[in-house]
Amino acid sequence: MVAIIKTGHSVHRIFNYNENPMKEGIALCIGAGNYPIDVEKMSLKIKLNRLLKQTALNENVSRKSVHISLNFDVRESNLSKEKLVQIADVYMKEVGFGEQPYLVYQHFDAGHPHIHIVSIKV
């Protein structure tokens, strides 16, 4: 597994980067951490507002967004959604972001299996 971690100023940008491919059928939101309801029951507004409300708690943080891509070997293309969410949950705990709200997206736009994790630093 290869992890790519980027931080940014815009929560909206990384959120839209992961939500827009869902409209095209090349991504799924498969999990969420530290949200009050299951991901299947969340609207776009609920997903985004949870992140934005948390970032508003500390205006001193300038690079508020965190975008993590976990990339797997092509031979691991049989990983289930449940296993991918479990990997994301363990990863977030191990890097110290286990208490942060985060969304897990599975993308199908590359030649290898990968997930994106959208979170914040506040």
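Scope of this entry: the structure provided in the associated data block. Predicted, not measured: the structure shown is a model, and the values here were computed from it.

## Thoughts on the pattern of salt bridges
Scanning the entire structure with this criterion turns up three salt bridges. A salt bridge links Glu59 to Lys64; the shortest N-O distance between them is 3.5 Å. Classification of Glu59 as exposed rests on a relative accessible area of 60%.

## Focus: helix α1 (residues 11-23)
The first and last C-alpha atoms of α1 sit 19 Å apart over 13 residues, in line with the 18 Å expected at 1.5 Å per residue. Of all the bends in α1, the greatest reaches close to 25° and is centred on Tyr17; the proline Pro21 follows between one and four positions later. Regarding α1, the residues found buried are Val11, Ile14, Phe15, Asn18, Glu19 and Pro21. N-cap assignment for α1: the residue whose side-chain oxygen lies 3.4 Å from the backbone N of His12 is Ser10.

## Thoughts on the pairing of strand β2 (residues 27-33)
In summary, the side chains of a regular strand alternate between the two faces of the sheet. Most of β2 is tucked away: five of the seven residues are buried. Pairing analysis gives six bridges linking β2 to strand β4 (residues 102-107), with the strands arranged antiparallel. Bridging across to β4, Cys29 finds its partner in Tyr105.

Calculation rules
- Residues numbered from 1 in each chain as written.
- Predicted model: local features only at pLDDT ≥ 70, side-chain atom pairs only at ≥ 80, totals over all residues.
- Heavy atoms only, no water.
- Salt bridge = Lys/Arg side-chain N within 4 Å of Asp/Glu carboxyl O.
- Buried < 20%, exposed > 50% of the residue type's maximum accessible area, 1.4 Å probe, protein only.
- Helix = DSSP H or I, 4+ residues; strand = E, 2+ residues; numbered from the N terminus.
- Expected span 1.5 Å × (residues − 1).
- Bend = angle between axes of the 7 residues up to and from the residue.
- Polar contact = N/O pair within 3.5 Å; in protein donor to acceptor, adjacent residues only side chain to side chain.
- Pairing = 2+ DSSP bridges.

In short, geometric facts, not functional conclusions.
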